[in-house]
Amino acid sequence: MAERADRILDAAGELLLRHGYRRVTVDDIAGRAGVGKGTIYLHWRTKNELFEALLLRESIEVVEEFAALLRHDPAQVLPHRFSRAAFVSMSRRPLLRALFTTDIELLGKLAKHPLRSHDVLAAERFQRVADRYGLLRPDMPHPRYTLSAASTGFYLLGGIDTVGTELSVEEQADALAFTVLHAFEPAVQPSAEVLEAAAAEYVAILEELIPPYRKWIYD
């Protein structure tokens, strides 16, 4: 069942990127996946639920990638390094980037779906960990909003201006990391012990996300 579901989701993702949400039908997806239309409805009740499952599957990939990164190098918990890794990861996943930037043309009504505010990176819980371990400047007003607003500009700019389009993804990610480091982090970086403790909490938050995601997609 999971193998068939993945085949359907692969087909849906390919068609979504090629044609956009509004133009893709369940019949199109069934034909591309080599299954009957009724088979798709055995997994998901509506086209909308199918595409939600697709976005959640990509979210699992990001969650697993970040958990592995933090286990390997706890210093990745520093906001500038975490932001850089997130930018590179999202740039490899156009569907999640479209969700993050509310790309109506590609995702249609999914762009403003509650999934957009779902705990893809568990932002609120990460913020509490960052505050507790002093990863952000204590004098920054409304830290979650401020950091999110600044970071979002890097994701959106390529779609509204030609500035920076000559830069590679890595170069854009470096520019984001520089901005976060110098604008949002304290002058003295936390100790290695603090970074290890914060990274362990991040990993625990990420690992909690995976089982309910998988259950929603495949059960």
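Above: the structure in question.
Anyway, here's the lowdown on the structure attached to this text. What you see is a predicted model, and the numbers here were worked out from it, not measured in a lab.

Cut-offs used in this document
Residues numbered from 1 in each chain as written. Predicted model: local features only at pLDDT ≥ 70, side-chain atom pairs only at ≥ 80, totals over all residues. Heavy atoms only, no water. Buried < 20%, exposed > 50% of the residue type's maximum accessible area, 1.4 Å probe, protein only. Helix = DSSP H or I, 4+ residues; strand = E, 2+ residues; numbered from the N terminus. Arc of directions from axis to C-beta. Core = buried A, V, L, I, M, F, W, Y, C linked by side-chain atoms within 4.5 Å. Salt bridge = Lys/Arg side-chain N within 4 Å of Asp/Glu carboxyl O. Phe/Tyr/Trp six-rings, centres within 6.5 Å; stacked < 30°, edge-to-face > 60°. Axes fitted to C-alpha atoms, helices over the stretch in contact; angles between N-to-C directions. Parallel < 35°, antiparallel > 145°, perpendicular 65-115°, else oblique. Contact = heavy atoms within 4.5 Å. Nonpolar A, V, L, I, M, F, W, Y, C, P; charged D, E, K, R; others polar. Polar contact = N/O pair within 3.5 Å; in protein donor to acceptor, adjacent residues only side chain to side chain. Left-handed = near helix turned anticlockwise from the far one by under 90°.

Those residues of helix 8 (residues 123-132) not exposed but buried are F126, Q127, V129 and A130. An end-on view of helix 8 places all buried positions within 165 degrees of arc, on one side of the element. The exposed residues of helix 8 that point more than 90 degrees off its buried face are R128 and R132. Once helix 8 ends, the next one or two residues include G134, with phi positive near 65 degrees.

What follows concerns the nonpolar core. The biggest cluster of nonpolar side chains holds 64 residues, and the ones touching the most others in it are I29, I40, L50, F51 and Y202. Per element, the largest residue contribution to this core is 12 residues, and it comes from helix 4 (residues 47-72).

Our next topic: the pattern of salt bridges. Side-chain pairing between opposite charges can occur once the charged atoms of the two side chains come close. Applying the stated rule across the entire model yields 18 salt bridges. Between R57 and D10 there is a salt bridge whose closest N-O contact spans 2.7 Å. In this pair, R57 is assigned in helix 4 and D10 in helix 1 (residues 2-19), connecting sequence segments 47 residues apart. What makes R57 buried here is its relative accessible area of 15%. Among the charged side chains, a network of salt bridges with common partners joins E61, E65, R92 and R93.

Right, let's talk about the packing of aromatic side chains for a bit. Tallied over the entire structure, the rule returns 6 aromatic pairs. A centroid spacing of 5.6 Å and a plane angle of 75 degrees characterise the contact between F82 and F126, whose relative ring orientation is edge-to-face. With F82 in helix 5 (residues 79-91) and F126 in helix 8, this pair connects stretches of sequence that are 44 residues apart. An aromatic cluster of at least three residues, connected via ring pairs, comprises F66, F82, F126 and Y202.

Before going further, it helps to examine the packing of helix 8 against helix 11 (residues 192-218). Packing of helix 8 against helix 11 brings their axes to within 10 Å, and their N-to-C directions diverge by 170 degrees. With respect to helix 11, the axis of helix 8 lies roughly antiparallel. Residue-level inspection shows R125, F126, V129, A130 and R132 of helix 8 in contact with helix 11, the latter providing A198, E201, Y202, I205, L206 and E208. Within the contact of helix 8 with helix 11, the residues separate by chemical class into 7 nonpolar, no polar and 4 charged.

Among the structural elements, N48 can be located in helix 4. Among the polar contacts listed, one links the side chain of N48 to the side chain of Y21, at a separation of 3.1 Å.

Another aspect to go through is the environment of G38. With respect to the secondary-structure elements, G38 resides in helix 3 (residues 37-43). Linking G38 and V26, residues 12 residues apart in sequence, is a C-alpha distance of 9.5 Å.

Here helix 4 crosses helix 5 at 145 degrees, and the two axes come no closer than 11 Å. The hand of the helix 4/helix 5 crossing is right-handed. Residues V62, E65, F66, L69 and L70 of helix 4 lie in contact with helix 5, whose contacting residues are F82, A85, A86 and S89. Looking at the contact of helix 4 with helix 5 residue by residue, the class counts come to 7 nonpolar, 1 polar and 1 charged.

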